[in-house]
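# Geometric and topological summary
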Amino acid sequence: MKIVVLGAGAWGTAVAIAAAAHPGRHMVQLWARDAQQAQAMQAARANARYLRGLTFPPSLHIAWGDAFALARQAELVILGTPMSALRGMLQALHGCSAPVAWLCKGFEAGTGLMAHEVCAQVAPQLASGAFSGPSFAQEVALAQPTALVAASRDAHVREALVAGFHGPALRVYASDDIVGVEVGGAVKNVLAIATGLCDGLRLGLNARAALVTRGLAEMTRLGLALDARADTFMGLSGLGDLVLTATGDLSRNRRVGLLLAEGQTLAQAVDSLGHVAEGVYSARTVVQRARALGVEMPIAECVVALLDGKLQPEQAVAQLMEREPRPEAQ
Ligand SMILES: NC(=O)c1ccc[n+]([C@@H]2O[C@H](COP(=O)([O-])OP(=O)(O)OC[C@H]3O[C@@H](n4cnc5c(N)ncnc54)[C@H](O)[C@@H]3O)[C@@H](O)[C@H]2O)c1
Ligand SMILES: O=P(O)(O)OC[C@H](O)CO
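Residues numbered from 1 in each chain as written. Chains lettered and ligands numbered in written order. Predicted model: local features only at pLDDT ≥ 70, side-chain atom pairs only at ≥ 80, totals over all residues.

## Here's the deal with the overall build of the protein chain
Looking only at helices and strands, the protein chain has 15 helices and 10 strands in total. For 330 residues, the compact-globule estimate of 2.2 N^0.38 gives 20 Å, and the protein chain sits close to it at 19 Å. For the protein chain, the proportion of its 330 residues judged to be buried stands at 52%. Sequence-distant contacts, at least 24 apart, represent 69% of the contacts inside the protein chain between residues at least 6 apart. (Helix = DSSP H or I, 4+ residues; strand = E, 2+ residues; numbered from the N terminus. Rg over C-alpha atoms; globule rule 2.2 N^0.38 Å. Buried ≥ 20, exposed ≤ 12 C-beta atoms within 10 Å, placed from the backbone. Contact = placed C-beta atoms within 7 Å.)

Quick look at the structure:
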């Protein structure tokens, strides 16, 4: 299969390495928009800027220049860019006949749309879906065991992702609940900022477990209001990715929370990452969408107030703890 990965950040690079790991199985091209970065990767056979210390398999080809000419010749196109670049990439991909899957996790800033909704607006003719689940780039690039979800309403897209990536180190499950998978991916990033703060402030393991569990309840409420299926939130892109990102120190979103707890400003925290932390950009849109649907998301609301500098961490803790008692099931 001919696979093109557009976007050579940490995750695009790791996914390309995973696809190219089986010589003779696929022809894999990793495209970077910056020709200099692409040429440096080609020369070093590594991505020193975004995925340090990992060598490319010989069968991984590096590309730059006209991304859409590449995509038109592919049998599977993976969009490895952040949410902020998704609309532009999809617009440019019109005319592409291969299945297209995005890796980004978030709601679009400004519009509050999920990725599949952006796609329905700008490229409705594409066969498309999301490739999501609990996955740190470094571990996937090292072929450490990982399970992902290929989500699309189109069986052809799910099958292409399974054919492209399922293997000894990567199990790829299929789901037709694109809404549930995308809500999980977006909301877990916001909750990881909260648990980073909680741990940075040394509030204890009980507090973290409470945040993860009540956060899962918030994620599920929002998803159900958007017509997702409840069982998706107990799966890889829900509970699975929430546990990974909220507790794993490789998470950039969690790190934002840890850095804020140390007293850094949001700008300092974001700058020091050197990678995108989607929760910072999605938190507001997640909350706006929830409010419009009448869904309560008190933890996500606190994260937005903290990011906006309208609440101090101690006030956020008090605000969450002093809420009215209620049945757990609500
Ligand atoms: N890193 C991970 O472990 C991981 C795992 C799963 C999902 N994701 C998601 O994947 C997405 C990308 O994350 P990442 O870790 O690769 O980010 P990153 O910050 O490491 O890299 C982002 C890449 O996107 C490129 N880019 C940005 N705007 C672009 C544009 N307009 N056109 C082309 N390229 C553009 C940048 O040059 C950079 O190469 C995010 O939505 C993230 O939430 C990341
Ligand atoms: O590093 P983060 O916080 O962007 O999380 C990476 C992945 O989404 C984990 O599945």
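## Here's the deal with the sheet that holds strand β7 (residues 100–102)
Strand pairing in a sheet relies on backbone hydrogen bonds. The paired strands run either parallel or antiparallel. Pairing is mixed in the open sheet, where eight strands are placed in the order β5-β2-β1-β6-β7-β8-β9-β10. The outermost strands of the open sheet, each flanked by one partner alone, are β5 (60–63) and β10 (170–175). Direction aside, neighbouring strands of the sheet carry axes that sit 25° apart on average. Bridge count between strand β8 (residues 128–132) and strand β9 (residues 146–151): three bridges; the pairing is antiparallel. Following the sheet pairing, F131 is matched in β9 by A150. Those strands touched by helix α10 (residues 236–247) are β8, β9 and β10, and its axis lies near 145° from that of β9. (Pairing = 2+ DSSP bridges. Axes fitted to C-alpha atoms, helices over the stretch in contact; angles between N-to-C directions.)

## What to know about the UniProt feature "binding site: substrate" (unreviewed entry) in the protein chain
Here, the residues flagged by UniProt with the feature "binding site: substrate" (unreviewed entry) are K105, R252 and N253. In sequence the annotated residues extend across 149 residues, while in space they remain close, none of their C-alpha pairs exceeding 12.7 Å. Mapped onto the fold, K105 is located in the loop between β7 and α5 (115–122). Take K105: there are 28 C-beta atoms within 10 Å of it, and that puts it in the buried class. Excluding its chain neighbours within four sequence positions, the residues that come into contact with K105 are S132, G185, A186, N189 and E278. Assignment of secondary structure puts N253 in helix α11 (residues 252–261). Leaving out residues up to four positions away in the same chain, N253 has contacts with N189, A192, I193, T245, A277 and G279. (UniProt positions renumbered as here; feature names shortened; annotations may be inferred.)

## Structural notes on the site of ligand 2
Neighbouring ligand 2 are 13 residues; S135, T245, S251, R252 and N253 lie closest to it. Broken down by element, the shell around ligand 2 gets its largest block of residues, three residues, from α10. Split into classes, the residues belonging to the shell around ligand 2 amount to five nonpolar, five polar and three charged. The residues that make up the shell around ligand 2 include at least three from each of domain 1 (2–176) and domain 2 (186–322). (Near = placed C-beta within 6 Å. Nonpolar A, V, L, I, M, F, W, Y, C, P; charged D, E, K, R; others polar. Domains from an automatic or database assignment.)

## What to know about the site of ligand 1
In the region of ligand 1, 24 residues are neighbours, and G9, W11, A85, C104 and H275 sit closest. For the shell around ligand 1, the secondary-structure elements that each account for two or more residues are α1 (10–20) and α4 (83–92). Across the shell around ligand 1, the residue classes tally to 12 nonpolar, nine polar and three charged. Here the shell around ligand 1 spans two domains, since at least three of its residues come from each of domain 1 (2–176) and domain 2 (186–322).

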